[in-house]
Amino acid sequence: MHVLLYYKYTDIEDPEDLKEKQKIICERLGITGRILIAEEGINGTVGGTFEALDQYMSETMCYPGLSDIEWKISEGNDQTFPKLRVVVRPEVVTLGLKERGKDVSLKHKAHYIEPDELLRLYESGEEFTIIDARNEYEGRIGKFKDAIVPDIDNFREFPEFVASIEHLKNKPVVTYCTGGIRCEKASSYLKEQGFTDVRQLHGGIHRYADTTGGKYFDGEMYVFDGRVHVPVNQVNPTVISECHHCGTKVARYVNCCNAKCNLQFICCESCETEYGSGCSRECQKNSRFLTA
Ligand SMILES: [Zn+2]
Ligand SMILES: [Zn+2]
């Protein structure tokens, strides 16, 4: 299975209509995955055969406003997307400001920094601050060298984080996320808050990995599908995440066996066996896998 990741901010006049059309296309082509549609645009991660995805791209690009989507392709497996979900949401990416009536304007989005420019910036030794626009659990398994990873579980908390880095307002700042979609809003928000020198990584970690070989990315990239994380750095790969139980360096996420806890935590193989996939002895005792 191949995987397509894409987004497009554009005015979608009738999200329900696009939803129905997307469903029909995907079902006909045997494509699975998740597609979010809102009046502000579309965001999808879908999987299928190469031929099916090729056809999917050309049909999707026929829809008004979607002719110039940038597609990112990677390798998946049969567990990547068990099913298809096409949903209409108030926003494709929720910064949580719209409902408070003070949404960001994408007119203020930062200029792009291309992957090779970011690579050169690292090599130059020039001073800059790189900010991860993703969540803490994503950054835990992999992030750009020296990146600031906000301690947040949801993008809605990003504005709160920004309030804590006011001292960087006049410094060069680069933001990045998985595929670029969150940075469009994160960088707009930073600029609206008075940050003067902001750039956003064009195409996110995904495109950086494809075009530069991934140097200066430590660990792996978290993804929201059955793969959980994928390699980025082909040049000098490292492991930065540590087993929750024993501290061994390992890039491996496990879901806690206690259904009430369901914590996603880093765990080595031997501790997974030792604790029966529990994040604690307590959770191990309450495992959903235990048969009375
Ligand atoms: Zn361990
Ligand atoms: Zn637990």
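Residues numbered from 1 in each chain as written. Chains lettered and ligands numbered in written order. Predicted model: local features only at pLDDT ≥ 70, side-chain atom pairs only at ≥ 80, totals over all residues. Heavy atoms only, no water.

Under the annotation held in an unreviewed UniProt entry, the chain carries the name tRNA uridine(34) hydroxylase and is attributed to candidate division WWE3 bacterium. Within the UniProt record for the chain, the comment given under Catalytic activity (unreviewed entry) is "uridine(34) in tRNA + AH2 + O2 = 5-hydroxyuridine(34) in tRNA + A + H2O". Of the chain, the UniProt comment under Sequence similarities (unreviewed entry) reads exactly: "Belongs to the TrhO family." (UniProt positions renumbered as here; feature names shortened; annotations may be inferred.)

A. How the structure looks around the UniProt feature "domain: Rhodanese" (unreviewed entry) in the chain. UniProt feature "domain: Rhodanese" (unreviewed entry): in the numbering of this structure it lies at residues 124-213. Within the segment residues 124-213, helix and strand shares are 36% and 19% respectively, and the terminal C-alpha atoms sit 18 Å apart. (Helix = DSSP H or I, 4+ residues; strand = E, 2+ residues; numbered from the N terminus.)

B. Expanded view of the side chain of Q200. Summarising the element assignment, Q200 is placed in strand β10 (residues 197-201). Looking at Q200, the relative accessible area reads 1%, which means it is buried. Setting aside residues up to four positions removed in sequence, Q200 forms contacts with K109, A110, H111, Y112, I113, T175, G180, C183, E184 and S187. (Buried < 20%, exposed > 50% of the residue type's maximum accessible area, 1.4 Å probe, protein only. Contact = heavy atoms within 4.5 Å.)

C. Quick look at the sheet that holds strand β9 (residues 172-176). Taken in spatial order, the 4 strands of this open sheet run β6-β10-β9-β7, and their pairing is parallel. The sheet is open, and its two edges are formed by β6 (111-113) and β7 (129-132), each paired on a single side. Averaged over all adjacent pairs, the angle separating strand axes in this sheet is 35°, with direction ignored. Strands β6, β7, β9 and β10 of the sheet are contacted by helix α3 (residues 115-124), whose axis makes an angle of about 65° with β6. Relative to the sheet, helix α6 (residues 181-192) contacts β6, β9 and β10, its axis offset from that of β10 by approximately 180°. (Pairing = 2+ DSSP bridges. Axes fitted to C-alpha atoms, helices over the stretch in contact; angles between N-to-C directions.)

D. Structural context of the coordination of the zinc ion (ligand 2). Taken together, C256 (SG), C261 (SG), C279 (SG) and C283 (SG) make up the protein donors of the zinc ion (ligand 2), found 2.3 Å from the metal. Considering all 4 donor atoms around the zinc ion (ligand 2), angles at the metal cover 102 to 116° and the coordination shape is tetrahedral. In the primary sequence, the donor residues of the zinc ion (ligand 2) line up as C-x4-C-x17-C-x3-C. Within this pair, whereas C261 is found in the loop between β14 (253-255) and β15 (264-266), its partner C283 is found in helix α9 (residues 281-285), the two being separated by 22 residues in sequence. The exposure class assigned to C261 is partly exposed, which follows from its relative accessible area of 31%. (Donors = N, O, S within 2.8 Å, 3.2 Å for Na, K, Ca; no water. Tetrahedral: all angles 85-135°; square planar, octahedral: opposite > 155°, others 65-115°.)

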